[in-house]
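Survey of secondary and tertiary structure
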Amino acid sequence: MKMNMLHRVRRQVLWVAATVAGLAIAAILLTAIPTWPVIGAAVMTIAVAVQGLGRELKVDRCMSCGNDMAQVPRGTHGAICPTCGAIHDGPRG
């Protein structure tokens, strides 16, 4: 199954969240560190990582293949990606 750009970003976010949660649980179980600061640091780490990964979605790109759509002319329903043919109705600029 071919994964588009949006699915790749979602998969990366899931892996980051799972990894940070696993490391937080391991830190709580294996050390004498209090629980709440570890959970707070884990939530903050996930938030920063998700914000960084979501930056790809703000750029004017095709959500199927990731092609740059900034110079593609738009019609009534959006722009057609020259690479994959998907219709993109994202923000201009």
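Basis of the calculations
- Every chain's residues receive numbers from 1 upward, in the order its sequence appears when written.
- With the structure being a predicted model, the display of local features is reserved for residues of pLDDT at least 70 and the display and counting of side-chain atom pairs for 80 or more, all residues being used for whole-chain, interface and lining totals.
- Derived side-chain values reflect all non-hydrogen atoms in the structure, with water molecules and hydrogen atoms excluded from consideration.
- A run of H or I in DSSP counts as a helix once it spans at least four residues, and a run of E counts as a strand once it spans at least two, with each numbered from the N terminus.
- Only the C-alpha atoms count toward the radius of gyration. The rule for a globule is 2.2 Å times the residue count to the power 0.38.
- Exposed residues in this analysis have more than 50% of their type's maximum accessible area, buried residues have under 20%, and partly exposed residues fall in between, with area computed by a 1.4 Å probe over protein chains only.
- Contacts are assigned to residue pairs that have any heavy atoms within 4.5 Å of one another.
- We get accessible surface area from the Shrake-Rupley algorithm with a probe of 1.4 Å; when it comes to residues, only the shown protein chains can shield them.
- The charged-residue count follows a simple rule in which Lys and Arg add positive charge and Asp and Glu add negative charge, with His and chain termini not counted at all.
- The location of each charge is read from NZ of Lys, CZ of Arg, CG of Asp or CD of Glu.
- By definition, pLDDT measures how confident the predictor is in each residue, and it falls between 0 and 100.
- To define axes, lines are fitted to C-alpha atoms, for helices over the stretch in contact only, and angles between the resulting N-to-C directions are given on a 0 to 180 degree scale.
- Should an angle fall under 35 degrees it is taken as roughly parallel, and over 145 as roughly antiparallel, whereas 65 to 115 is taken as roughly perpendicular and any remaining angle as oblique.
- Rotating anticlockwise by less than a right angle from the far helix to the near helix defines a left-handed crossing, while the corresponding clockwise rotation defines a right-handed one.

Turning our attention to the overall build of the chain. Secondary structure assignment for the chain yields two helices and two strands. The order of α-helices and β-strands along the chain, N terminus first, is α-α-β-β. Its C-alpha atoms give the chain a radius of gyration of 19 Å, clearly above 12 Å, the size a compact globule of 93 residues would have. A total of 93 residues make up the chain; the buried ones form 18% of that total. Long-range contacts, defined as pairs at least 24 residues apart, comprise 38% of the intrachain contacts of the chain with a sequence gap of at least 6. Carbon together with sulfur atoms contributes 67% to the accessible area of the chain, which is approximately 6,700 Å² in total. Counting 9 positive and 4 negative side-chain charges, the chain places the centres of these two groups 6 Å from one another.

Of all residues in the chain, 94% have pLDDT values of 70 or greater, and the mean over the chain is 84. Mean pLDDT per element in the chain: strand E2 (residues 87–88) is the minimum at 80, and helix H1 (residues 5–30) is the maximum at 91.

Orientation of H1 relative to helix H2 (residues 35–58), taken along the N-to-C sense of each, is 165°, at an axis distance of 10 Å. Accordingly, the angle class assigned to the pair H1 and H2 is roughly antiparallel. H2 is crossed by H1, and the crossing has right-handed handedness. Along the contact surface, H1 presents Met 5, Leu 6, Val 9, Gln 12, Val 13, Val 16, Ala 17, Val 20, Ala 24, Ala 27 and Ile 28, while H2 presents Thr 35, Val 38, Ile 39, Ala 42, Thr 45, Ile 46, Ala 49, Val 50, Leu 53, Glu 56 and Leu 57.

Further remarks concern the environment of Pro 82. With respect to the helices, strands and loops of the structure, Pro 82 is situated in the loop between strand E1 (79–80) and E2. On the basis of relative accessible area, Pro 82 is assigned to the exposed category, the value being 61%. On a C-alpha basis, the gap between Pro 82 and Val 72 in space is 8.1 Å, while along the polypeptide they are 10 residues apart. Among all residues touching Pro 82, those that are not within four sequence positions of it are Asn 67, Met 69 and Val 72.

The next subject is the environment of Ile 87. Within the secondary structure, Ile 87 is located in strand E2. Since its relative accessible area comes to 60%, Ile 87 is described here as exposed. Measuring from C-alpha to C-alpha, the distance between Ile 87 and Cys 62 comes to 8.1 Å, with 25 residues separating the pair along the chain. Residues contacting Ile 87, with those up to four places away along its chain left out, are His 77, Ala 79 and Ile 80.

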